[in-house]
Number of protein chains: 2
Amino acid sequence: MFTLYYAPYTCSLASHIALEDAGATYQLKRIDFGNTEQQSPGYLAINPKARVPAMATPRGILTETPAMLAFIAQSFPEARLAPMNDPFAFAEMQSFNSYLCSTLHVAHAHRMRGHRWADDPASFADMQRKVPQSVGACYELIESRMLKGPWVMGEAYTIADPYLFTLAQWLEDDGVDPSRIPRVIEHRARMMGMPNVKKSIAEELAI
Amino acid sequence: MFTLYYAPYTCSLASHIALEDAGATYQLKRIDFGNTEQQSPGYLAINPKARVPAMATPRGILTETPAMLAFIAQSFPEARLAPMNDPFAFAEMQSFNSYLCSTLHVAHAHRMRGHRWADDPASFADMQRKVPQSVGACYELIESRMLKGPWVMGEAYTIADPYLFTLAQWLEDDGVDPSRIPRVIEHRARMMGMPNVKKSIAEELAI
């Protein structure tokens, strides 16, 4: 049994979908960002980074989406969510996920989390103005060079797919023109049609 | 045979040390940042992200340090650089590496790469002022909660060790007080004494 600590509209959705894809037994615990529960002593004892996602497992707590996604794939090999027996293919998938966490998600975060890296409201506004360009450049690279199609890694659906889908929820709000990245948009639409994705989103919004 | 594309004083050192630790056969190709070679057509054909590291393998090119490090560990299992047969332990190691790339390295990058996320020189100065705090908070979390000791993951040396060591080269320049993170500093000193580390650093500076 796993417990996924999540908040709606955050990157925790990727791990949620992957748990569904894996057929895992899990429960959800919503962290109330509206009341800054992520900074409460109770949650800091679970994840001192004060972020979601975190996942409690029988062995302990895991954080960081790329690591959690790979753990889910490796824990449920029958679900075939990653190329487990091919180190190069596994590394290509991990490289994609690493780019999402360290470059795309970080660029996006400058729209609303500028206080992590600066103090002046004028800097926050400057950062916000840059987001369409910085996030847009990430999506153009994904569109042209990284998304193999039909799934991120090609013919096989992997844990990279729910991760890209999750971050792609935010691209219009980031000011990215969807008409410039038709393959990303098509991938997002196809993901949205999958029962596990619909179920995960509905669960997050219902609780 | 692998080819590691690197630049001195960058995070490519982590993969360089890991290749040494693995006993891999590899060659180095220095990318001349002084002449912005990372943005040359030749290098963009290798890595369209215009960054180092990149690594050419017989199967293709890999980028992103956490993915490259895990690939090196998985390609040379006899070197025992990762807990390959324990998904939870592997995930804990990946989580550490993911934190380094998406949070610590990103915080550091705001000292000299503010143009990635803003346009105004005043914003760059604001970001630079924040670096001692943002990078310092990362190291305090590593010191108090993440670095198990004596190695990052505990008794076993893993690919997380050269990665932390590499980023820890920059902490004084980032304005972090080393006296507040004695365990990180001790880890860095112990790494610096290792022959593979000395050899890797000497090679990067000699070419």
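Higher on the page you've got the structure.
Given the structure is predicted, the values throughout are model-derived calculations rather than measurements.

> Explain the relation of the copies chain B and chain A to me, and be specific about the residues and the numbers.
Overlaying chain B on chain A yields an RMSD of 0.0 Å, the required transformation being a rotation through 180 degrees with an accompanying axial translation of 0.0 Å. Both copies of the chain, as the preceding transformation shows, are related through a two-fold rotation axis. Rotation axis and chain B: the residue whose C-alpha lies nearest the axis is serine 102 of chain B, separated from it by 2.0 Å. With an isologous cut-off of 70% or more, the 100% of interface residues of chain B that recur at the interface of chain A puts this contact in the isologous class.

> Account for the interface of chain B and chain A, naming residues and giving values.
Counting from both sides, the interface comprises 47 residues of chain B and, opposite them, 47 residues of chain A. Counting the surface lost from both chain B and chain A, the interface buries some 3900 Å², and carbon and sulfur atoms represent 58% of this. Of the charged contacts, one joins aspartate 86 of chain B and arginine 59 of chain A as a salt bridge, the two residues approaching to 2.9 Å between their closest N and O atoms. Across the contact surface, chain B and chain A share 15 residue pairs in polar contact (both at pLDDT 80 or more). Broken down by element, the side of chain B that touches chain A gets its largest block of residues, 14 residues, from helix 4 (residues 87–109) of chain B. A class-by-class count of the residues in the side of chain B that touches chain A yields 23 nonpolar, 13 polar and 11 charged.

> So what's going on with the sheet that holds strand 2 (residues 26–30) of chain B? Residues and values would help.
Residue and element names in this part refer to chain B. Taken together, 4 strands build an open sheet; the order of strands is 2-1-3-4 and the sheet is mixed. Only two strands of the sheet have a single partner each, and these edge strands are strand 2 and strand 4 (60–63). For this sheet, the mean inter-axis angle between neighbouring strands, taken without regard to orientation, is 20 degrees. Sheet analysis places strand 1 (residues 2–6) next to strand 3 (residues 54–57), joined by 3 bridges and oriented antiparallel. Paired with threonine 3 across the two strands is alanine 56, which belongs to strand 3. The sheet strands contacting helix 1 (residues 12–22) are strand 1, strand 2 and strand 3, and the helix crosses strand 1 at an angle near 150 degrees. Packed onto the sheet, helix 8 (residues 195–206) meets strand 1 and strand 2 and runs at close to 40 degrees relative to strand 2.

> Just give me the short version of helix 8 (residues 195–206) of chain A, but keep the residues and values in it.
All names here are of chain A. Look at helix 8: 16 Å from first C-alpha to last across 12 residues, which is about the 16 Å you get at 1.5 Å a residue. Taken together, the buried positions of helix 8 are occupied by Val197, Ser200 and Glu204. Buried residues in helix 8, looked at end-on, bunch into an arc of 65 degrees, giving them a common side. Helix 8 presents Pro195 and Ala206 as exposed residues on the side facing more than 90 degrees away from its buried surface. For helix 8, the secondary structure elements touched by its buried residues are strand 1 (2–6), helix 1 (12–22), strand 2 (26–30), helix 6 (160–167) and helix 7 (182–192).

> Can you explain the packing of aromatic side chains? Please cite residues and give values.
A full pass over the atoms with the stated rule returns 11 aromatic pairs over all chains. With centroids separated by 5.1 Å and ring planes inclined at 85 degrees, the aromatic side chains of tryptophan 151 of chain B and tyrosine 157 of chain B adopt a geometry described as edge-to-face. By relative accessible area, which is 14% here, tryptophan 151 of chain B ends up buried. Three or more aromatic residues joined by ring pairs form one cluster here, namely Phe2, Phe71 and Phe76 of chain A together with Phe88 of chain B. Lying across the ring of tryptophan 151 of chain B, arginine 190 of chain B places its NZ or CZ 4.5 Å from the centre.

> Go over the sheet that holds strand 1 of chain A, please, and point to the residues and values.
Strand order in the open sheet made by the 4 strands is 2-1-3-4 (chain A), with mixed pairing throughout. One side of each edge strand has no neighbouring strand; the edge strands of this open sheet are strand 2 and strand 4 (60–63) of chain A. Pairs of neighbouring strands in the sheet enclose a mean axial angle of 20 degrees, with direction left out of account. Seen against the sheet, helix 4 of chain B touches strand 3 (54–57) and strand 4 of chain A and runs at an angle of roughly 40 degrees to strand 4 of chain A.

Parameters at a glance
- Residues numbered from 1 in each chain as written.
- Chains lettered and ligands numbered in written order.
- Predicted model: local features only at pLDDT ≥ 70, side-chain atom pairs only at ≥ 80, totals over all residues.
- Heavy atoms only, no water.
- Least-squares fit on C-alpha atoms with pLDDT ≥ 70 in both.
- Contact = heavy atoms within 4.5 Å.
- Buried area = accessible area lost by both parts, 1.4 Å probe.
- Salt bridge = Lys/Arg side-chain N within 4 Å of Asp/Glu carboxyl O.
- Polar contact = N/O pair within 3.5 Å; in protein donor to acceptor, adjacent residues only side chain to side chain.
- Helix = DSSP H or I, 4+ residues; strand = E, 2+ residues; numbered from the N terminus.
- Nonpolar A, V, L, I, M, F, W, Y, C, P; charged D, E, K, R; others polar.
- Pairing = 2+ DSSP bridges.
- Axes fitted to C-alpha atoms, helices over the stretch in contact; angles between N-to-C directions.
- Expected span 1.5 Å × (residues − 1).
- Buried < 20%, exposed > 50% of the residue type's maximum accessible area, 1.4 Å probe, protein only.
- Arc of directions from axis to C-beta.
- Phe/Tyr/Trp six-rings, centres within 6.5 Å; stacked < 30°, edge-to-face > 60°.
- Lys NZ or Arg CZ within 6 Å of the ring centre and 35° of its normal.

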